[in-house]
Amino acid sequence: MQRFCFTILCLFLFASCNHPDYKNNTKKVFRYNESAGITSLDPAFSKDQSNIWVCNQLFNGLVQLDEQLKVQPCIASHWSISADGKTYTFTIRKDVYFHKSTIFKDSTRKVVANDFVYSFNRIVDEKIASPGAWIFNYVKKENGKYAFIARNDSILEIKLNQSFPPFLGLLSMQYCSVIPHEAIDFYGKDFRKNPIGTGAFQLKLWKEGVKLVLLKNTNYFEFEDTTRLPYLDAIAITFIIDKQSVFLEFIKGNIDFMSGIDASYKDELLTVNGKLNPKYKNKFQLISQPYLNTEYLAFLMDTSHTELNNNPVKYKAVRQAINYGFDRVKMMRYLRNNIGTPALYGFIPKGLPSFDTVKVKGYDYQPDKSRKLLADAGFANGEGLGDITLSTTASYLDLCKYIQNQLTEIGLKIKIDVNPPATLREMIAKSKIPFFRGSWIADYPDAENYLSLFYSPNFCPIGPNYTHFSNKNFDLIYNKAQNEVNDSIRYNYYNQMDQIIMNEAPVVVLYYDQVLRFVQNNIQGLGSNPMNLLTLKKVKKQ
Amino acid sequence: MLQFLLKRLFYGFLVLLGVITVVFLLFNVLPGDPARMMLGQRADINSIEAINKDLGRDKPLTTQYFNYLNDFSILSIHNISDTNNYWYLDRTKYTSAIKLIPFGNYALILKMPYMRRSYQSKRMVTEIITEAFPKTVLLAGVAMLFAVIIGVIVGVLAAIKKDGFFDRISLVLSAFGMSLPSFFAAILIAWLFAFVLAKYTGLSMFGSMYTVDDFGNGEYLDLKNLILPAFTLGIRPLAVIVELTRSSMLDVLSQDFIRTAKAKGLSPYHIITRHTLKNAMNPVITAVSGWLASLMAGAVFVEYVFDWKGVGVVIVDALEKYDFPVVMGVLLFISIILVIINIFVDILYGMLDPRIRLS
């Protein structure tokens with residue numbers, strides 16, 4: 001027993017000793033935390049923001065987005081689109097190489113057009129079951145094969161079924177990154193932890209749940225002026241779950257960058273107007289801009305569902321009354337510290353080029369109009385309407401309660417039903433819930449992405465039309481917009497569709513979200529964009 | 001002894017079968033679709049079907065159930081010729097498989113249990129368990145060790161000095177320890193020792209068993225990070241052990257054989273260590289074994305607050321994401337551990353108290 005106790009004591013003494021110091025002050029490492037964790041480094045599974053961010057450092061695609069969300073060349077030096085908008089021809093750069101790896105016998109290999117054919121076919125392969133398979137829905141199938149054609153090593157052709165102007169935006173997604181077939185042949189499913197790409201950084205070590213370290217790719221193909229990118233030597237990602245602990249680490253300067261904000265320290269960091277608390281100005285900066293995320297409440301519109309039989313939300317007047325019945329401006333001020341813009345316009349969020357505050361009119365706070373709508377529909381003061389149940393997850397309970405309170409004043413009785421995320425998602429997809437909370441983050445920077453939620457052929461479960469909204473005029477304009485290559489005409493169509501949605505009120509748009517980035521003062525070049533994509537190749541650290 | 005072991009192993013087998021059946025049924029009865037959780041907002045029917053096919057969820061429930069049993073069982077039946085067959089003996093899944101009896105295209109196989117891959121991360125469930133479980137074992141083990149050593153010493157002292165000052169104080173403190181909720185204690189202790197007194201203690205608010213440097217050059221065991229979570233986790237069992245040891249000691253001390261020992265002229269130290277303590281330990285061992293077994297299932301709050309990524313964090317995360325193979329794998333693993341601990345404790349009873357016979 002004595003010997004045992006002695007061993008334990010020794011173990012603790014040993015553990016409390018200082019560890020070898022690996023810090024190298026001359027090298028620059030960028031550190032950030034991923035509370036949600038990273039599930040895979042395979043771009044075929046880059047569904048969540050945390051996976052997208054790390055894949056964006058490791059891989060490249062044909063094209064990339066700049067901070068204004070314009071499509072720019074990446075591995076494709078240039079491209080051409082046929083007059084009918086159905087054929088895209090890309091010219092591949094000749095100086096792009098994969099990361100050095102043992103699969104290339106500690107060497108590397110040049111990227112060729114066939115690598116894209118392989119990578120794209122892998123995304124649509126049923127055996128891979130990638131969540132990004134939908135992005136090639138518009139690609140033509142020839143003899144059962146998708147029309148990704150490598151004309152030679154540097155010419156890649158993609159044929160579409162029909163014109164689809166946002167297609168280049170789709171190709172900028174991380175799903176469309178190029179990977180070498182040798183890596184998949186060798187690692188199989190374990191490519192998820194042995195990624196080989198062309199990105200500015202390459203994997204050094206991934207201790208899952210503890211730390212992920214990426215090192216500079218010294219052979220990266222992009223330059224800024226005459227300097228080869230990236231500037232940083234390494235990226236270190238930690239996985240602390242508790243957001244308060246992350247905040248304390250950031251305050252201590254142990255983390256260089258923090259995205260978003262948690263309710264637990266919201267009031268400490270921000271003023272009521274959403275500005276950075278002045279006491280932190282000397283330590284770090286706040287970068288903020290619109291985020292392509294619309295937060296909303298939605299109604300099931302398909303009256304053939306029995307759930308709507310005696311449900312008040314089947315009446316347009318009731319849906320509009322709810323829309324007019326609460327103050328979005330106050331809601332944002334008191335519950336969100338003005339992070340985000342009250343949604344007084346359409347469903348298309350602020351930050352997209354087709355967002356238009358003049359052409360699209362939504363709903364503001366007009367309780368009298370709300371009451372009148374109800375009275376005209378024969379439900380003065382909400383009498384005879386019964387309860388309306390709003391289903392949500394726990395994280396949005398504060399917003400729902402606020403709306404519930406305000407709607408009580410106009411006579412509408414709202415019951416709130418809190419569900420686990422998996423249950424809520426399943427019930428919405430099966431059209432079992434008449435009134436629910438939702439949000440939509442842009443997959444690609446085009447309003448078509450948002451409007452597809454209301455296109456009738458997209459009824460769930462085939463597509464993302466969860467409300468089962470159906471409007472012939474809307475569908476007609478949607479089809480016209482698909483074939484319109486002129487941006488301004490297409491945006492005009494988008495606005496018309498957005499206005500139809502607002503008039504019919506299948507949704508109660510709450511707010512357009514905002515990107516919040518807290519960055520230490522010694523970090524330069526970390527911009528922001530409405531897709532909230534993290535790009536570190538041009539970041540410098542002093 | 002052998003008969004006892006075989007009997008307990010058979011019961012253990014029934015427990016595992018029960019766990020598989022209940023978890024399997026729960027996952028299929030409750031609303032929620034893993035494919036939808038994997039796809040997020042873009043869950044169209046084609047992708048859902050592709051994922052369900054990949055996960056084998058396109059088959060009837062009974063088939064899925066037997067497929068899981070077949071994968072998990074050490075003895076299983078697999079196809080050995082057709083690579084497209086669902087039951088094909090894929091060596092990347094069924095490692096170290098040995099063919100026992102071939103019949104036609106199929107064969108009876110002896111293999112390691114295959115617990116499949118996580119729906120969310122595609123990581124092998126065995127890999128997830130082998131990473132998380134040692135952390136939980138270490139945390140639970142150190143917490144219990146701390147509780148047992150301190151608890152027994154304090155309990156014995158309190159019993160010897162019954163109704164004295166030390167006894168009263170230990171009673172009050174143990175009542176306090178028992179009523180302290182672990183999530184509150186965790187936050188309080190983290191704040192006090194790792195934030196307010198961080199300069200003096202040198203402890204951090206969170207940290208894993210291993211620490212990796214920022215350039216990925218070194219990975220070292222960081223047992224310092226274990227101190228606060230183990231202490232927090234040990235508080236409650238400590239309080240219980242103090243009380244149990246004290247009352248059990250008092251009970252034994254009042255028995256005839258102690259009086260005999262005293263009459264024989266044995267020293268008080270000898271009486272306590274050799275005669276009283278050994279006989280008073282049975283209820284303590286029952287409590288410790290039960291507690292240890294439940295700690296093996298993960299101490300969710302403490303693991304969350306101190307960012308100690310053990311079984312508790314893994315299972316809560318998997319439940320949230322509807323990650324069936326991870327939940328099933330972890331629960332089965334925990335069940336196996338519980339079965340083993342129970343058998344071990346039964347044997348230990350017999351060793352400590354010869355009046356108890358294994359049967």
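Rules used in this analysis
- Residues numbered from 1 in each chain as written.
- Chains lettered and ligands numbered in written order.
- Predicted model: local features only at pLDDT ≥ 70, side-chain atom pairs only at ≥ 80, totals over all residues.
- Heavy atoms only, no water.
- Pairing = 2+ DSSP bridges.
- Helix = DSSP H or I, 4+ residues; strand = E, 2+ residues; numbered from the N terminus.
- Axes fitted to C-alpha atoms, helices over the stretch in contact; angles between N-to-C directions.
- Patch = residues over 30% accessible without salt bridge, like charges linked within 9 Å, V, L, I, M, F, W, Y side chains within 5 Å.
- Areas by Shrake-Rupley, 256 points an atom, 1.4 Å probe, with all protein chains shown as cover.
- Salt bridge = Lys/Arg side-chain N within 4 Å of Asp/Glu carboxyl O.
- Domains from an automatic or database assignment.
- Contact = heavy atoms within 4.5 Å.
- Buried area = accessible area lost by both parts, 1.4 Å probe.
- Polar contact = N/O pair within 3.5 Å; in protein donor to acceptor, adjacent residues only side chain to side chain.
- Right-handed = clockwise from strand over helix to strand, strands pointing away.
- Buried < 20%, exposed > 50% of the residue type's maximum accessible area, 1.4 Å probe, protein only.
- Parallel < 35°, antiparallel > 145°, perpendicular 65-115°, else oblique.
- Left-handed = near helix turned anticlockwise from the far one by under 90°.
- Nonpolar A, V, L, I, M, F, W, Y, C, P; charged D, E, K, R; others polar.

**Q** I'm lost on the sheet that holds strand 1 (residues 75-79) of chain B in this one. Help?
**A** The strands that make up a sheet pair up through hydrogen bonds in the backbone, lying either parallel or antiparallel. Residues and elements named next belong to chain B. Overall, antiparallel pairing links the three strands, which are arranged 1-3-2 in an open sheet. In the strand order of this sheet, the two ends are held by strand 1 and strand 2 (98-103), each with one partner. In this sheet, neighbouring strand axes are inclined to one another by 30° on average, regardless of whether the strands run parallel or antiparallel. In the sheet, strand 1 pairs with strand 3 (residues 106-110) via five bridges, with the strands oriented antiparallel. Residue pairing across strands places His-78 opposite Ala-107, the latter belonging to strand 3.

**Q** Sorry if this is basic, but what is going on with a nonpolar patch on the surface here?
**A** All names here are of chain B. Among the surface-exposed residues, Ile-74, Leu-75, Ile-77, Ile-98, Leu-100, Ile-101, Phe-103 and Leu-110 lie close enough to one another that they form a single nonpolar patch of about 690 Å² accessible area. Taken together, the elements giving at least two residues each to the nonpolar patch come down to strand 1 and strand 2. At four residues, strand 2 tops the list of elements feeding residues into the nonpolar patch. With respect to the helices, strands and loops of the structure, Ile-101 is situated in strand 2.

**Q** Before we go on, may I ask you to explain the domain arrangement of chain A in this structure?
**A** One widely used convention gives an interface's size as the accessible area the parts lose upon coming together. Residues and elements named next belong to chain A. Split by domain assignment, chain A resolves into domain 1 (22-236 + 522-541) and domain 2 (291-515). Inter-centroid distance (C-alpha atoms) of domain 1 to domain 2 is 34 Å. Tallying the contact residues gives 18 residues for domain 1 and 18 residues for domain 2. The contact between domain 1 and domain 2 buries some 1,400 Å² in all, and 65% of this surface belongs to carbon and sulfur atoms.

**Q** What should I look at first to understand the interface of chain A and chain B in this one?
**A** Counting residues at the interface gives 63 residues for chain A and 52 residues for chain B. Both faces combined, the contact of chain A with chain B buries some 5,500 Å², and carbon together with sulfur accounts for 61% of it. For the pair chain A and chain B, the number of links is 19 residue pairs in polar contact (both at pLDDT 80 or more). Secondary-structure elements contributing two or more residues to the side of chain A that touches chain B are helix 1 (2-16), strand 1 (29-33), strand 10 (201-207), strand 11 (211-216), strand 14 (234-238), helix 6 (243-252), helix 12 (421-429) and strand 20 (435-441) of chain A.

**Q** Whenever I open this one, the pairing of strand 19 (residues 414-418) of chain A confuses me. Can you help?
**A** Each regular strand shows side chains that alternate between the opposite faces of the sheet. Residues and elements named next belong to chain A. As paired strands, strand 18 (residues 388-392) and strand 19 are joined by five bridges and run parallel to one another. Following the sheet pairing, Leu-390 is matched in strand 19 by Ile-416. A crossover connection joins strand 18 to the parallel strand 19 through helix 11 (residues 397-409); in handedness this β-α-β unit is right-handed.

**Q** Would you explain the environment of Phe-30 of chain A in this entry?
**A** Residues and elements named next belong to chain A. In this fold, Phe-30 is placed in strand 1. Taking the relative accessible area as the measure of exposure, Phe-30 reaches 0% and is therefore buried. The spatial distance from the C-alpha of Phe-30 to the C-alpha of Lys-145 is 43 Å, given a sequence separation of 115 residues. Aside from chain neighbours lying at most four places away, what touches Phe-30 is Leu-232, Ala-234, Ile-235, Ala-236, Asp-256, Phe-257, Ile-523, Leu-526, Leu-536 and Val-539.

**Q** Looking at this structure, I do not really get the packing of helix 9 (residues 328-336) of chain A against helix 11 of chain A. What am I missing?
**A** Residues and elements named next belong to chain A. Here helix 9 crosses helix 11 at 140°, and the two axes come no closer than 11 Å. Taken together, the axes of helix 9 and helix 11 lie oblique to each other. The way helix 9 lies across helix 11 gives a crossing that is right-handed. Counted together, Lys-330, Met-331, Leu-335 and Arg-336 of helix 9 and Asp-398, Leu-399, Tyr-402 and Ile-403 of helix 11 form the full contact between these two elements. Of the residues in the contact of helix 9 with helix 11, the class split is five nonpolar, no polar and three charged.

**Q** Could you clarify how one ought to interpret the sheet that holds strand 8 (residues 148-152) of chain A in this entry?
**A** Residues and elements named next belong to chain A. Pairing is antiparallel in the open sheet, where four strands are placed in the order 4-5-9-8. Bordering the open sheet on either side are strand 4 (76-81) and strand 8, each of which pairs with just one other strand. Direction aside, neighbouring strands of the sheet carry axes that sit 20° apart on average. Pairing analysis gives four bridges linking strand 8 to strand 9 (residues 155-159), with the strands arranged antiparallel. Looking at the pairing, Asn-152 lines up with Ile-155 of strand 9. Its contacts with the sheet place helix 3 (residues 113-124) against strand 5 (87-92), strand 8 and strand 9, and it is angled at close to 170° to strand 8.

**Q** What should I look at first to understand unusual backbone geometry in this one?
**A** Among all residues save glycine, negative phi is the norm, and among peptide bonds the norm is trans. Here Leu-229 of chain A and Pro-230 of chain A are connected by a cis peptide whose omega angle stands at -5°. Mapped onto the elements, Pro-230 of chain A comes out in the loop between strand 13 (227-228) and strand 14. Omega for the bond connecting Cys-460 of chain A with Pro-461 of chain A falls within 30 degrees of zero, at 10°, which places this linkage in the cis form. Inspection of the secondary structure assignment puts Pro-461 of chain A in the loop between helix 13 (448-451) and helix 14 (472-482). With a phi close to 55°, His-468 of chain A is a non-glycine residue in the positive phi region. Structurally, the position occupied by His-468 of chain A is in the loop between helix 13 and helix 14. Look at Lys-122 of chain B: it is not a glycine, yet its phi comes out positive at around 65°. The topology assignment puts Lys-122 of chain B in the loop between strand 3 and helix 5 (125-160).

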